[in-house]
Amino acid sequence: LAKTTQPISMDSYEGQEVNITCSHNNIATNDYITWYQQFPSQGPRFIIQGYKTKVTNEVASLFIPADRKSSTLSLPRVSLSDTAVYYCLVGDREAGGSYIPTFGRGTSLIVHP
Amino acid sequence: DAGVTQSPTHLIKTRGQQVTLRCSPKSGHDTVSWYQQALGQGPQFIFQYYEEEERQRGNFPDRFSGHQFPNYSSELNVNALLLGDSALYLCASSLQFAYTSYEQYFGPGTRLTVT
């Protein structure tokens, strides 16, 4: 059973705000939500992580409602260079402290001029 | 500050051969994980090494093995290569017990083609 569900693809235009929503109905109490970005033929790049409410860094914001069954990655004023695949992950450290990111198929975002 | 490095960048092998891929983690990181990414798919977890031991393993056969050295660098070995092993192999490093362990740093990957 998939842990996360996100749109397969999205289109936007330069300068717009993009919101990518991820559904994780079976999220566990201790699970954290993380988002990664991946360009073709490169390794994924960590964007942001959160547990509840809102988290913001220099790149993006992550909105998590009280029930934590979904989350929304917000990219302000996207540019062509934001064209990439975005992965939503949920998970917790295994016993012993290790965390294993489990990737789905991600959302392919295409930003148009 | 050097990030995660992997070698080689590209590799072409024949079915049945063996291959070794190498990874150096980000400075200060002690944990290395390996992933396989087929075209159009998300990365799939192979295994993770910490303190020179395999700590976690994904759903991959024993043909996939690894090693971590005292300097935290790591190798991924694949024996008896199959055509289906053609993929981008990614190495990621992290800190085992830090709050930021959810943040993994990925290398650029090694593109393996099996013919």
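Heads up: the structure comes first, above all this text.
Criteria and cut-off values
Residues numbered from 1 in each chain as written. Chains lettered and ligands numbered in written order. Predicted model: local features only at pLDDT ≥ 70, side-chain atom pairs only at ≥ 80, totals over all residues. Heavy atoms only, no water. Helix = DSSP H or I, 4+ residues; strand = E, 2+ residues; numbered from the N terminus. Rg over C-alpha atoms; globule rule 2.2 N^0.38 Å. Buried < 20%, exposed > 50% of the residue type's maximum accessible area, 1.4 Å probe, protein only. Contact = heavy atoms within 4.5 Å. Areas by Shrake-Rupley, 256 points an atom, 1.4 Å probe, with all protein chains shown as cover. Lys, Arg positive; Asp, Glu negative; His and termini not counted. Charge placed at Lys NZ, Arg CZ, Asp CG, Glu CD. Pairing = 2+ DSSP bridges. Axes fitted to C-alpha atoms, helices over the stretch in contact; angles between N-to-C directions. 1 Å grid on protein atoms, 1.4 Å probe; cavity = no way out; pocket = protein on both sides within 12 Å on 5 of 7 lines; lining within 4 Å. Points joined across faces, edges and corners; volume = space filled by probe spheres on them. Nonpolar A, V, L, I, M, F, W, Y, C, P; charged D, E, K, R; others polar. Salt bridge = Lys/Arg side-chain N within 4 Å of Asp/Glu carboxyl O.

Check the secondary structure of chain B and you find 0 helices and 11 strands. Helices and strands in chain B line up, N terminus first, as β-β-β-β-β-β-β-β-β-β-β. The C-alpha atoms of chain B give 13 Å as radius of gyration, which agrees with the globular expectation for 115 residues (13 Å, within 12%). Out of the 115 residues in chain B, the part that is buried amounts to 50%. Within chain B, contacts between residues separated by at least 24 positions form 53% of all contacts whose residues are at least 6 apart in sequence. Within the structure as shown, chain B displays about 5300 Å² of accessible surface, and the carbon and sulfur contribution to it stands at 50%. Positive and negative side-chain charges of chain B, numbering 8 and 10 respectively, have mean locations separated by a distance of 12 Å.

All names here are of chain A. Across the sheet, which stays open at both edges, the 4 strands sit in the order β2-β7-β6-β5 with antiparallel pairing between neighbours. This sheet does not close on itself; its edge strands, each paired only once, are β2 (18-23) and β5 (53-56). Direction aside, neighbouring strands of the sheet carry axes that sit 15° apart on average. Relative to strand β7 (residues 70-75), strand β6 (residues 61-64) runs antiparallel, the two sharing 3 bridges. When the bridges of β7 are listed, S61 appears paired with S74.

What follows deals with the layout of surface pockets. By volume, the largest pocket amounts to about 640 Å³. Lining the largest pocket are 32 residues, with V85, Y87 and R105 of chain A together with G40 and Q41 of chain B sitting closest to its centre. Broken down by secondary-structure element, the contributors of at least two residues to the lining of the largest pocket are β8 (84-91) and β9 (107-112) of chain A. Across the lining of the largest pocket, the residue classes tally to 14 nonpolar, 15 polar and 3 charged. Reported here for the second largest pocket is a volume of approximately 260 Å³. If you go around the second largest pocket, you meet 14 residues; those closest to its centre are R45, F46 and I47 of chain A together with E103 and Y105 of chain B. Taken together, the elements giving at least two residues each to the lining of the second largest pocket come down to β4 (45-50) of chain A together with β10 (105-106) of chain B.

Within strand β5 (residues 44-50) of chain B, 6 of the 7 residues are buried, which leaves the element mostly enclosed by the surrounding structure. The antiparallel pairing of β5 of chain B with strand β6 (residues 53-57) of chain B creates a hairpin that spans 2 residues between the two strands, and E51 of chain B there sits at a positive phi of about 50°.

Take the pattern of salt bridges next. Residue and element names in this part refer to chain B. As enumerated under the stated definition, the model contains 5 salt bridges over all chains in all. Across the pair R22 and E75 runs a salt bridge whose closest N-O atoms are separated by 3.4 Å. Here R22 is found in strand β3 (residues 19-24), whereas its partner E75 is found in strand β8 (residues 74-78), with 53 residues between them in sequence. As a salt-bridge pair, E54 and R57 come within 3.0 Å of each other at their nearest N and O atoms. Residue R57 is classed as partly exposed on the basis of its relative accessible area of 29%.

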